[in-house]
Structure formats: structure tokens, C-alpha cells
Amino acid sequence: MTNGPGAGIPAVSTAILAMSRHLEVRDVLKTIVASARELLDAEYAALGVPDDHGGFAQFVVDGVSAEQWKAIGPLPRQHGILAAMLHNATPERLADVREDPRFGGWPAAHPDMSDFLGLPVADGDEILGALFLANKRCPKTPPSRRDGCGFTEDDERLLGILAQHAAIALTNARLYERSRELTIAGERARLAHELHDAVAQKLFSLRLTAQAATALVDRDPDRAKDELHQVAALAAEAADELRAAVIELRPAALDEDGLVATLRSQVQVLDRAHSARVSFTAHCVRALPAAQEEAVLRVAQEALHNALRHSGAEHVEVTLGRSGQGGLLRVADDGCGFDPATVRRAGRHLGLVSMHDRAGGVGGKLTVESEPGKGTAVEMEVPGG
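Conventions and cut-offs
- Residues numbered from 1 in each chain as written.
- Predicted model: local features only at pLDDT ≥ 70, side-chain atom pairs only at ≥ 80, totals over all residues.
- Heavy atoms only, no water.
- 1 Å grid on protein atoms, 1.4 Å probe; cavity = no way out; pocket = protein on both sides within 12 Å on 5 of 7 lines; lining within 4 Å.
- Points joined across faces, edges and corners; volume = space filled by probe spheres on them.
- Helix = DSSP H or I, 4+ residues; strand = E, 2+ residues; numbered from the N terminus.
- Nonpolar A, V, L, I, M, F, W, Y, C, P; charged D, E, K, R; others polar.
- Phe/Tyr/Trp six-rings, centres within 6.5 Å; stacked < 30°, edge-to-face > 60°.
- Buried < 20%, exposed > 50% of the residue type's maximum accessible area, 1.4 Å probe, protein only.
- Pairing = 2+ DSSP bridges.
- Axes fitted to C-alpha atoms, helices over the stretch in contact; angles between N-to-C directions.
- Contact = heavy atoms within 4.5 Å.
- Core = buried A, V, L, I, M, F, W, Y, C linked by side-chain atoms within 4.5 Å.
- Polar contact = N/O pair within 3.5 Å; in protein donor to acceptor, adjacent residues only side chain to side chain.

Peer 1: Give me the layout of surface pockets: which residues, what numbers.
Peer 2: There is about 580 Å³ of room inside the second largest pocket. Around the second largest pocket, the lining comprises 31 residues; the ones closest to its centre are Pro76, Leu82, Trp106, His110 and Phe132. Contributing elements (two or more residues each) for the lining of the second largest pocket: strand E1 (42-50), strand E2 (56-62), helix H3 (66-72), helix H4 (80-88) and strand E5 (126-136). Considered class by class, the residues forming the lining of the second largest pocket number 23 nonpolar, 5 polar and 3 charged.

Peer 1: Can you explain the packing of aromatic side chains? Please cite residues and give values.
Peer 2: Within this structure, the stated rule accounts for 5 aromatic pairs. Note on Phe103 and Trp106: the rings are 4.7 Å apart at their centroids and 70° apart in plane angle, and the pair reads as edge-to-face. In this structure Trp106 comes out as partly exposed when scored by relative accessible area, which is 30%. Aromatic rings pair up to connect Phe56, Phe59, Trp69, Phe116 and Phe132 into one cluster.

Peer 1: Explain the sheet that holds strand E7 (residues 315-323) to me, using residue names and the numbers behind them.
Peer 2: The sheet built from 5 strands is open, its strands ordered E6-E7-E8-E10-E9 with mixed pairing. Edge positions in the sheet fall to strand E6 (277-283) and strand E9 (365-370), since each of these pairs with one other strand and no more. Recorded for the sheet is a direction-independent mean angle of 10° between the axes of neighbouring strands. Along the sheet, helix H10 (residues 352-361) contacts E9 and strand E10 (376-382); its crossing angle with E9, the most-contacted strand, is approximately 145°.

Peer 1: Could you give an account of the sheet that holds strand E4 (residues 116-123), with specific residues and numbers?
Peer 2: Read from one edge to the other, the open sheet built from 5 strands follows the order E2-E1-E5-E4-E3, with strand pairing classed as antiparallel. Edge positions in the sheet fall to E2 and strand E3 (92-94), since each has one partner strand and no second. Strand-to-strand twist across the sheet, computed as the mean angle between neighbouring axes with direction ignored, equals 15°. Here E1 runs beside E5; their pairing, made up of 6 bridges, is antiparallel. Counted as the bridge partner of Tyr44 is Ala134 from E5. Across the face of the sheet, helix H2 (residues 25-40) comes into contact with E1, E2, E4 and E5 while running at roughly 40° to E2. Contacts between H4 and the sheet are confined to E1, E2, E3, E4 and E5, with E5 contributing the most and set at about 140° to the helix.

Peer 1: I'd like a description of the nonpolar core, backed by residues and values.
Peer 2: Note on soluble globular proteins: their nonpolar side chains tend to be buried together. Counting 33 residues, the largest nonpolar core has Leu259, Leu263, Val316, Leu329 and Met380 as its most contacted members. Secondary-structure elements contributing two or more residues to this core are helix H7 (254-273), E6, helix H8 (290-310), E7, strand E8 (326-333), H10 and E10. If one sorts the elements of this core by residue count, H8 sits on top with 10 residues. Those residues in contact with Leu263 that sit more than four places away from it in its chain are Phe280, Leu297, Ala300, Leu320 and Leu329.

Peer 1: Give me the side chain of Arg37: which residues, what numbers.
Peer 2: Looking at the element boundaries, Arg37 is found in helix H2. Only 2.9 Å separates the side chain of Arg37 from the backbone oxygen of Glu43, close enough to count as a polar contact. Not counting chain neighbours up to four residues away, the residues in contact with Arg37 comprise Ala42, Glu43, Tyr44, Ala45, Asp62, Gly63, Leu133 and Arg137.

Written out as C-alpha cells, the structure reads:
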């Protein structure tokens with residue numbers, strides 16, 4: 001691939017169009033990274049979105065297999081060259097990243113990298129993330145001699161254009177997700193109104209029945225007793241309605257309650273809302289890094305959605321356990337299942353691509369086992385911290 005300014009414009013246009021097709025933040029990040037790697041013909045590409053605690057809320061890679069990513073271990077911290085791009089908003093183009101004084105080494109399983117190009121993805125003064133590439137492919141240069149082979153000024157300009165549009169795409173995706181959250185909030189308000197009406201009706205009936213029992217207690221004790229039984233039944237129904245309202249309207253408080261409590265609460269809601277029996281068990285679960293816990297929760301929600309809406313299952317079992325220093329999620333159903341050979345056609349419909357991306361984004365691994373008529377089992381393993 002020739003990366004001169006003229007030859008690069010069609011490729012940049014293609015990359016920008018690809019980014020604009022997605023609305024989910026995770027999909028946008030993945031498209032940005034894949035587009036950057038292809039555009040500049042690099043061996044590796046990555047994009048990190050920082051959190052407020054010295055780590056990364058999201059970290060997407062391209063060019064690294066799922067097995068390699070799992071072996072590398074926990075997500076990197078904001079230090080060295082990554083920190084420089086995030087804090088100073090300056091591009092970094094290095095002939096050999098290993099010789100830079102800020103270089104602090106890699107985990108044992110990390111692929112070897114030499115030439116490096118990195119740019120911040122910024123929206124005005126706000127730095128949204130750091131986009132970087134490594135090991136520009138030079139097919140005419142022997143592996144033992146990479147002199148003169150590396151990222152150029154033209155590469156930096158092209159990546160700069162892509163980074164500007166990446167910021168727009170990422171901002172739009174965030175706005176879309178925020179809009180969706182507001183829609184959900186509106187639905188919660190509507191549900192609260194409906195539940196309020198339902199509970200108010202129960203309490204009104206309860207009051208009338210209690211008044212009737214009071215009037216009958218002297219002249220017709222037997223009828224009064226019947227009315228009091230009805231009072232007890234109405235009180236129980238009102239209590240159930242209120243309990244349902246509390247659980248249904250309570251937002252998932254992952255940060256406050258932790259993964260186990262949040263998952264258990266959501267499973268209980270789904271168990272009441274669907275004809276299928278939905279159960280949850282947890283065994284020796286340890287706390288995981290925040291990004292991993294969020295990814296596990298989102299994968300569990302997606303897998304539960306599939307099982308309850310598409311599989312026709314009678315029973316869905318969610319289990320969360322420990323795997324070494326990390327965690328293991330399993331969502332299994334006894335539904336219709338599907339043929340793994342058709343997974344490419346079914347994958348996007350069932351959210352499998354999204355689940356794989358979420359697992360890979362936190363250094364984890366996702367496996368899906370299914371067979372027609374034999375149900376489906378989704379497992380996600382994360383390394384821990």
C-alpha cells in the first residue's frame with residue numbers, strides 16, 4: 001500500500017464511512033482501530049479510552065489474537081508514551097519505541113514492537129483517547145534490516161485526519177448512548193406511573209374492604225371475617241407491587257453493589273417477567289477490575305436477552321464463579337439452540353460479535369456452545385487484576 005497524500009484520500013474516505021455506520025461506542029472504537037491499521041498498513045493498532053483512575057475504561061486492539069490478548073494479562077495503565085499522548089495531546093512518531101526513555105517494558109506475552117505512531121483522539125480540549133500503531137509493514141525490507149522502514153510524515157497526516165473524524169464518530173456514539181439512556185429513563189418514569197396507579201388501586205380497595213369489615217364485625221362476624229381475609233390478600237398484593245416497583249426501577253448499581261448483587265437483582269427481575277425460570281448462583285467470586293465487571297455484566301445481559309427472546313427456553317441458568325485470579329461467567333439455556341456452522345449469519349443477530357468484542361476488550365475470552373435442539377451455553381472468562 002502506498003501512503004502518499006493522493007493515494008491515501010480514498011482510503012481515508014472509506015475508513016470514515018465505515019466509522020459512520022456504527023452507533024454503539026464499542027463498535028465505533030473497533031472500527032476506528034481496524035481502519036487505522038489497514039489505512040497505514042501496520043501490524044498492530046490499538047485505541048485506549050482513559051478512565052479517571054489511571055487506567056483505561058475501554059481498550060481495543062487489532063492484529064492481536066484472542067489467545068495472545070488473554071496471555072498478555074491486565075489492561076495497561078496510563079504511563080510512559082500513552083500518558084504523554086493523553087495528557088499533552090501531542091503526536092508521537094518513533095523509529096523504535098523500545099529506545100525511548102519513557103518506555104517501561106511489556107508483559108512477557110506482549111508482541112514485539114519497534115516503529116510506533118500515536119495520536120490523541122480529541123474533541124476540542126477534551127482528550128477522548130489515544131490511537132496508536134506499531135510495526136509498519138515493509139514487504140521489500142528483510143526482517144533483519146528495517147532501516148528506513150517506518151511511519152512517515154504522510155502517515156502521521158493521514159492518521160491525524162482519521163483521528164479527527166474518529167473523535168466525531170466517538171462523540172456521536174456517546175450522544176446516541178446517552179439518548180438511549182434518557183429513553184430508558186423515560187420508560188422508567190412511565191413504568192413508575194403505571195405501578196403507582198396499580199398500587200393506588202390496591203390500597204383503595206384495601207381501605208374499602210377494611211371499612212366494610214368494620215361495619216360488619218358486630219352484626220355479621222362471619223362476613224366480617226371473610227372481608228378481613230380479603231384485606232390480608234390485598235395487602236399482600238400491594239406489598240408485591242411495591243417490591244416489584246423497587247426492583248424494576250432501581251438502576252443497576254454496579255459500582256455500589258458489585259457484580260454479584262447486580263446480576264442477582266437483574267436475574268430476579270427477569271425471572272418474574274418471563275415464563276421461563278431464570279436462576280443465578282455465585283461461587284467464590286472475587287472482585288474484578290471495574291472494566292471487567294462491566295463487560296461481564298453486559299455479556300450476561302446480552303446472553304440473557306438471546307435466551308429469553310429467541311431460544312424458547314424453559315430454564316436459563318446464570319452462574320458466576322472464580323477462574324484462577326479472574327472470573328468465569330456462564331449463561332446456559334435449554335432452548336432451541338443453533339448450528340455453530342451458521343454462526344457467521346446468526347452472529348450479528350444474536351449479538352455474538354458484540355459479546356466477543358466486549359470480552360476481548362478486557363483481555364477475556366468468550367466461547368459459545370450450541371446445537372439445534374440442545375440449547376446454548378455462553379461462557380466468558382476474564383483474567384482479573
